[in-house]
Amino acid sequence: MALPDLAALTGLEEECFAQHLSAVRPEGWHRVLDEEARFPASAHLTERENSEANKLLEADAILGPGGWTLTSHRVSLKELRDLLRSTTQGDMQEEISVPPRAWLLRSTGVGGDSSVDALWLARGICAVPSAGADTLRTGVGEAEVRDTVQQLLPHWSVREHDQLSYALHSFVSKMRAGDTLLTNVGRQVHLGTVSDNELETDVLSLPGHLVRRVDWHTRSSPLDVFADLSTELASRIGTPNTDLLDLTGFSKELDELLSGASHRPSTPVKAVLPPPTEELARGVFMDREWLEECVALLSDRPQLVLYGPPGTGKTYVAQELARHLTGDRPENVQLVQFHPSYSYEDFFEGYRPHPGDAERSAGFTLTHGPLRTLASAARRHPAEPFVLIIDEINRGNLAKVFGELYFLLEYRNRSVRLLYGSEGDPGFGLPQNLIIIGTMNTADRSIALVDTAMRRRFWFTELHPSSAPVSSVLRRWLEHHALPDTPALLLDELNSRIEDHDFRVGPSGDRAA
């Protein structure tokens, strides 16, 4: 079964529906696939979950050569609808009944903001420009809306087609009676409830628009974006270039506002970083006090760079610290290494080629990189710390690799529009429980050469062979293994003869030796 088809029947967003299936796992959940006959990326399956789902598909004997799902086994949208009609007792309709949703809709076209007061609020309506698609009716599919838009406006760009198709399909087929509607004019916010499933194409002075009836509840007492709404909702409303957006994730807050109660933000679940133990300190041969300082810095701002000459144990310490912070959960830690050709598409998300076979042709698929994959896992488990280790962070073009994510490093409670975000995408934010630890080799590049934006967003802690905690590492290691301190004395003498601070030699070597 195709995820878009089931989502269209239920009226739910594809991403929400996919995540619900992967979390609840009803019978047959593994058969709901994307248009490429793969597990939906929006389900954010871990490697283990993906492996389990593949085993279920293999047991169903519907996999073709190369692991592709055979399209001959796909249940069409028509077959799904026929199945619904054949259910005489109505049990299935009850199972897929759609809960009320919430929407942001702003006035566009002639009149602009003035239409809200003069028409929407006064006459109890909301509207979107039809762009000539006046024949659209409730329940029409997304593909039909797109075909209609492309026929009516063949000179428009693909992005413009996507924007209009999303808006029209959401307004016509997804928006239903009982849904909450929010609109804003500057800081003023009005809330209402969609009162009818039927569409109208010409109400008084709004020809060329599709119209829905709305019971507006705040006509005489509009809310204020910053005073009455949560920071997250205010940020979402501030999304530019989007006049229709799904706000169902804020339904609870909007219901409270509609009832006249002031919104009381729920206490967020916060991941608590465990204090360093003596075992951790002994494992890295460093002072526990220094490790406590690192954890305190990460608790205040979850981004830290360990910098210093080669051989000072930066990567090893980062890995041991990550292992401790995550409670020794390997699935909560991921390591990547930057290099000059590393890009945003490698780090966050980008289009990757996929091979073709007898069932489908070769093409490109939007694929999540390590940061987005780990962020999705962290969002599903807010009480657990997750750590991304970026080895040799200074070897990459940081502005190119991070892109718009620079903003999120400083503002974890905000969201941004992504480079490859689709129309209607609510944006992306970094969860508070995602910790980033970078390592930086100062023999390659001085910390003074790191751009100001990077230095402002990360804590920087030095690991240098001439100062604590590294200066005593070799002696502690030798003492632990009951060896003489001669190598430590030789290392001290060697470093005393190296004038350049960043080229002195660290004590770290092959720890397995």
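Up top is the structure these notes are about.
Conventions we followed
Sequence positions are assigned chain by chain, starting from 1 and proceeding in written order. Per-residue local features are limited, in this predicted model, to residues with pLDDT of at least 70; the limit for side-chain atom pairs, both in listing and counting, is 80 or more; totals at the level of whole chains, interfaces and linings are taken over all residues. Excluding hydrogens and water, the side-chain values take into account all heavy atoms of the structure. The helix and strand labels rest on DSSP assignments: H or I over at least four residues marks a helix, E over at least two residues marks a strand, and numbering proceeds from the N terminus. Each residue's exposure class comes from its accessible area (1.4 Å probe, protein chains only) as a fraction of the maximum for that residue type: buried when under 20%, exposed when over 50%, partly exposed otherwise. Residue contacts follow a heavy-atom distance rule, with two residues in contact if any of their heavy atoms lie within 4.5 Å. Side-chain rings of Phe, Tyr and Trp (the six-membered ring for Trp) are treated as a pair once their centres are within 6.5 Å; stacked means planes under 30 degrees apart, edge-to-face means over 60, and tilted covers the remaining angles. Any carboxyl oxygen of Asp or Glu that lies within 4 Å of a side-chain nitrogen of Lys or Arg is treated as forming a salt bridge with it. Any two strands with at least two DSSP-identified bridges between them are counted as paired. Note on geometry: axes are C-alpha line fits, over the in-contact stretch for helices, and angles between N-to-C directions span 0 to 180 degrees. Angular relationships are summarised with four words: roughly parallel below 35 degrees, roughly antiparallel beyond 145, roughly perpendicular across 65 to 115, and oblique for the angles in between. Handedness of each helix crossing follows the sense of rotation of the near helix against the far helix: counterclockwise by less than a right angle gives left-handed, clockwise gives right-handed. Here the nonpolar group is Ala, Val, Leu, Ile, Met, Phe, Trp, Tyr, Cys and Pro; Asp, Glu, Lys and Arg are the charged ones; every other residue, Gly included, is treated as polar. In this description, one arc is meant: the one made by directions from the helix axis to the C-beta atoms.

Another aspect to go through is the overall build of the protein. Secondary structure assignment for the protein yields 21 helices and 15 strands. Burial analysis of the protein (513 residues in total) assigns 44% to the buried set. In the protein, once contacts between residues fewer than 6 apart in sequence are set aside, the share between residues at least 24 apart is 67%.

Once that is clear, we can look at the packing of aromatic side chains. This model, assessed by the stated rule, comprises 11 aromatic pairs. Taking 6.3 Å as the distance between ring centres and 70 degrees as the angle between the ring planes, the aromatic pair formed by Phe338 and Phe402 counts as edge-to-face. Taken together, the positions of Phe338 in the loop between strand E10 (333-337) and helix H15 (344-347) and Phe402 in helix H17 (residues 398-402) put the pair 64 residues apart, joining distant regions of the chain. Aromatic rings pair up to connect Phe338, Tyr342, Phe347, Phe402 and Tyr406 into one cluster.

Let us look at the pattern of salt bridges. Inspection of the entire model under this criterion finds 16 salt bridges. The salt bridge partner of Glu320 is Arg323, with a shortest N-O separation of 3.2 Å. Of this pair, Glu320 and Arg323 both sit in helix H14 (residues 314-325), separated by 3 residues, roughly a single helical turn. What makes Glu320 buried here is its relative accessible area of 16%. Residue Glu410 pairs with Arg456 through a salt bridge whose shortest N-O separation is 3.5 Å. Separated by 46 residues along the polypeptide, Glu410 in helix H18 (residues 405-410) and Arg456 in helix H19 (residues 452-457) bring together distant segments of the chain.

This brings us to the sheet that holds strand E13 (residues 386-391). Strand order in the open sheet formed by 5 strands is E10-E13-E14-E9-E15, and the pairing between neighbours is parallel. Strands with a single pairing partner mark the edges of an open sheet, and in this sheet they are E10 and strand E15 (459-462). Each strand axis lies, on average, 20 degrees off the axis of its neighbour in the sheet, ignoring direction. Strand direction decides the pairing type here: strand E9 (residues 303-308) and strand E14 (residues 434-441), joined by 6 bridges, are parallel.

Another point: the pairing of E9. Burial analysis of E9 places 6 of its 6 residues in the buried class, which makes it a mostly covered element. Residues Gln303, Val305 and Tyr307 point to one face of E9 and Leu304, Leu306 and Gly308 to the other, with burial holding for every one of them. Of the strand pairs in this sheet, E9 and E15 are connected by 4 bridges, and their pairing is parallel. Within E15, the position partnered with Leu306 by the bridge is Thr461.

Put simply, helix H13 (residues 288-300) and H14 touch, their axes get as near as 12 Å, and they point 65 degrees apart. When the axis of H13 is compared with that of H14, the two are roughly perpendicular. H14 is crossed by H13, and the crossing has right-handed handedness. Counting all contacts with H13, which are made through Trp290, Cys294, Val295 and Leu298, the residues of H14 involved are Val317, Leu321 and Leu325. In the contact of H13 with H14, the residues fall into 7 nonpolar, no polar and no charged.

This part takes up helix H21 (residues 486-496). Along H21, the positions that sit buried rather than exposed are Ala488, Leu491 and Asn495. Angularly, the buried residues of H21 cover 60 degrees about the axis, an arc narrow enough to put them on a single face. Of the exposed residues in H21, the ones pointing more than 90 degrees away from its buried face are Leu490 and Ser496. Buried residues belonging to H21 abut helix H20 (473-480).

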